[in-house]
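Chain by chain, the residues run as shown.
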Amino acid sequence: MKQIIKLSLVLSLLLPGIVSGQFLNYGKFKLNGETLYRPEAAPNSQNYYGTTPVTSLPSGAVSLNGASNIRRPWLPSPGKRNFQLVDMGGSKSKYFLSIDFRPDYISHQQWLNAGVTRLSQWTSDQTGGLYPFSGVPDNKKFLYLTESGLNGDYEGYYYWQKNLADIEQRFISTVPGYGPGVIVFPNLETSNYWERRYHGDNNGAGNIGHYPPWPQIKNDVVQLESQPGNMTVEQLFNSGVFYQEIAVRRQNRLKVLLKVIKRNGADTGLGSSAYQGDPNTNTLTTATRFLDEGSANVGNIGGGNGSITLNGRTYTGMTGSFWSEETVNLNYYYYFDCRINGVVLNDADYENPNHPYANISTAVELYKLIQDPNPVAREVGHWLGNDRLLRQVHGGNLIPSVRMTELHYEGGARWPKPFGAIYPWGDPAKIWLPPVTMRTIYMVNHFLEGETDKAGFHIFYAAGSPNQGILYNLTSQANLNHEFHTLDALFAARRDMETIIDKISGSTLVTQLDIRVGNTGNFESLNGVDSWNQNKPCFVARYKTTSTGTTVLLMGGYGQPDGTTRTDQVRIPGVGSGSAINVTYKGPDVQFFELFFPAGGGAMQYVAKSIVPAWDKQGYGGWVNNN
């Protein structure tokens, strides 16, 4: 007779089961050494199993090997501009959470109690106030430095034209010597590239900001770094070495920048990801890292053997890729397009009174229409691409990664006009990501990174000067005239993951699983990149083995519409002696299950269910309290 085998009991709402309406299937659990059986619940129940256990299996009943669903119900905040913190007593996870968004009525300590574990300079008082950044312990500091703060008036043209000693001195003067425990990411945008067109035409007309008109700079002298000698700017642009020179200058400057930030022990990485954008067909074969052209070289400017002294300070390791300087990576990856009924929303739709979303005035109604494509596969695939490129420059080792996203879509997706959500400069405000999407982004990345020190999750939110992420007089800000359910979902996801950090810690990650798609046909070996490119479900597992058996955490999902149910069968190569897990789930939400393979057992069938209609909410995922 088959039976459910578990190490830890998760009661009531956390138990999986089959909603059949007939009490023929029972789950078998152990509590304090006593064996208990629970019948399956009736359809539309808020539980997977009946709450009254029996001590023996009734005649004719069948028990099943089961997997416990891992999640807790959560309650979105009522009304607009409202955010209700749940005090979880702080997080014990090594995977940190940082948010550039803090209503002024929430203190640093309240933020920490709710699960935030690092505080950014943008959610601290910039001048005076009750919560200055200087009062934050180093092991709770997170900094995302702006380019204007780093380069000052060197931003753009002079970053490229000035010699390396000038640039190093500027970095020394603008970057404090942060010590161990602090995580610092510099963000360069204007100075990532140097192109002739930036300076306008031959008369300088049409130049862009931070790049002076051509007549003003064409005769400036540039000390070359890719080869000995000097050239004027005009000579350099007309030479055959321009792209070679740009590649070396970029590597040298970024190497020096990261070394300057690390000089007193802080952790750092470039404010971007090595892999850019969604997964694609060459994600696991490309050798291209963002901005990673050429190699650092100081041999032509007074250095040698990868070493150079600049302004009395010596820098070693000045060869190869600047990515190798990272001690932590910022996995900067934003969602650009918002899809309403499967069609990308753009600025023109905001003006169309006949568009399906035109007259919606609540987030609950709007999120019913939005669905992001295959979110689990999207996140896993991107992470795999970034992980692979970083390992190549870190001796095959994985360095901690911080997933950074925004609260909203980057593209032309605006809150419908009835919200009246308008930025101070007059543009309609951007739609925040659906709660189910934010939940998925956070939980997938926490699961992939595991309980790794300095890995984490950061919400970038630039509210503007003078207080950046601190939101004063919240009710008066028109751009925030909407529900904050995206934040509610993020904190709920944080609390869910808190329940399994002991099982994640020390576990082994498996990203290539065998999946029988739709529970039909043959098993296919799929990872997140495969699943994204082929529009198939994606599953990832973590496991820990002891003398009694193997505890498995299974994560996965598929970008199916809300209300749609499917079953996929999953095997974990090398784990469970070929045991298969039948996973039945609804909608696009990420799914988490825990199961146990006993030592010495053969191949078995397991059942993993996560459907409780009373707790499902379109755009929000499962386990949302609708009351």
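Placed above this text is the structure.
Residues numbered from 1 in each chain as written. Predicted model: local features only at pLDDT ≥ 70, side-chain atom pairs only at ≥ 80, totals over all residues. Heavy atoms only, no water.

S.K.: Can you lay out the packing of helix 11 (residues 435-449) against helix 12 (residues 485-498) for me, pointing to particular residues and giving the numbers?
M.R.: Two quantities define a packed helix pair, namely the angle between the axes and the distance from one axis to the other. Closest axis-to-axis distance for the helix 11/helix 12 pair is 8 Å, and the angle between their directions is 30 degrees. By the criterion of interaxial angle, the relationship of helix 11 to helix 12 is roughly parallel. Note on packing geometry: the crossing formed by helix 11 with helix 12 is right-handed. Contacts from Pro435, Met438, Arg439, Tyr442, Met443, His446 and Phe447 of helix 11 reach helix 12 at His485, Thr486, Ala489, Leu490, Ala493, Arg494, Asp496 and Met497. (Axes fitted to C-alpha atoms, helices over the stretch in contact; angles between N-to-C directions. Helix = DSSP H or I, 4+ residues; strand = E, 2+ residues; numbered from the N terminus. Parallel < 35°, antiparallel > 145°, perpendicular 65-115°, else oblique. Left-handed = near helix turned anticlockwise from the far one by under 90°. Contact = heavy atoms within 4.5 Å.)

S.K.: Summarise the side chain of Lys141; cite the residues concerned and give the values.
M.R.: Looking at where Lys141 falls in the secondary structure, it is placed in strand 8 (residues 141-145). Leave out the neighbours within four places in its chain, and Lys141 touches Arg118, Leu119, Phe133, Val136, Gly181, Val182 and Ile183.

S.K.: Describe the pattern of salt bridges, with residues and values.
M.R.: All told, the structure shown has 26 salt bridges when counted by the stated rule. Residues Arg313 and Glu168 are paired through a salt bridge, measuring 2.6 Å at the closest nitrogen-oxygen approach. Of this pair, Arg313 sits in strand 14 (residues 313-315) while Glu168 sits in helix 4 (residues 164-174); the two residues are 145 residues apart in sequence, bridging distant segments of the chain. Exposure remark for Arg313: the relative accessible area of 28% places this residue in the partly exposed category. The residue Glu524 makes a salt bridge to Lys536 at a minimum N-O spacing of 2.5 Å. With Glu524 in strand 23 (residues 524-526) and Lys536 in the loop between helix 14 (528-534) and strand 24 (538-546), the pair connects residues that are twelve residues apart, well separated along the chain. Overlapping salt bridges bring together Glu225, Glu245, Arg249 and Arg253 as one network. (Salt bridge = Lys/Arg side-chain N within 4 Å of Asp/Glu carboxyl O. Buried < 20%, exposed > 50% of the residue type's maximum accessible area, 1.4 Å probe, protein only.)

S.K.: Report on the sheet that holds strand 7 (residues 119-120), specifying residues and quantitative values.
M.R.: Spatial strand order, 7-8-9-12: four strands in an open sheet with parallel pairing. Edge positions in the open sheet fall to strand 7 and strand 12 (267-268), since each of these has one partner strand only. Pairing between strand 9 (residues 183-186) and strand 12: two bridges, direction parallel. Residue Val184 lies in a different strand from strand 12, and its bridge partner there is Thr268. Running over the sheet, helix 7 (residues 242-261) touches strand 9 and strand 12 and is turned about 155 degrees from strand 9. (Pairing = 2+ DSSP bridges.)

S.K.: Break down the pairing of strand 19 (residues 456-460) for me, with residues and values.
M.R.: Within a regular strand, side chains alternate between the sheet's two faces. Burial analysis of strand 19 places five of its five residues in the buried class, which makes it a mostly covered element. Neither face of strand 19 is left uncovered, since the one carrying Gly456, His458 and Phe460 and the one carrying Phe457 and Ile459 both have all their residues buried. Pairing of strand 18 (residues 401-406) with strand 19, which is carried by five bridges, proceeds in the parallel orientation. The partner of Val402 across the bridge, within strand 19, is Gly456. Since strand 18 and strand 19 lie parallel, the crossover through helix 11 that links them has a hand, and here it is right-handed. (Right-handed = clockwise from strand over helix to strand, strands pointing away.)

S.K.: Pulling in residues and values, what's your account of the nonpolar core?
M.R.: General note: in soluble globular proteins, nonpolar side chains tend to be found buried as a group. Ranked by size, the top nonpolar core spans 132 residues in total, and within it Ile99, Phe101, Trp194, Trp415 and Ile431 carry the most contacts. Considering every element that reaches this core, the biggest residue donor is helix 7, with eight residues. Excluding anything up to four places from it in sequence, Trp415 contacts Tyr350, Tyr357, Ala363, Leu366, Tyr367, Ala421, Ala429, Lys430, Ile431, Trp432 and His482. One finds Val517, Phe539, Ala541 and Leu595 within the second-largest nonpolar core, a separate group that totals 22 residues. (Core = buried A, V, L, I, M, F, W, Y, C linked by side-chain atoms within 4.5 Å.)

S.K.: Let's hear about the layout of surface pockets: which residues, and what values?
M.R.: Of the voids in this model, the second largest pocket is the one considered here, and its volume is about 320 Å³. Together, 17 residues line the second largest pocket, and Tyr144, Thr146, Asn187, Glu189 and Phe460 are the ones closest to its centre. Secondary structure elements with two or more residues in the lining of the second largest pocket: strand 8 and helix 2 (147-151). Considered class by class, the residues forming the lining of the second largest pocket number eight nonpolar, five polar and four charged. (1 Å grid on protein atoms, 1.4 Å probe; cavity = no way out; pocket = protein on both sides within 12 Å on 5 of 7 lines; lining within 4 Å. Points joined across faces, edges and corners; volume = space filled by probe spheres on them. Nonpolar A, V, L, I, M, F, W, Y, C, P; charged D, E, K, R; others polar.)

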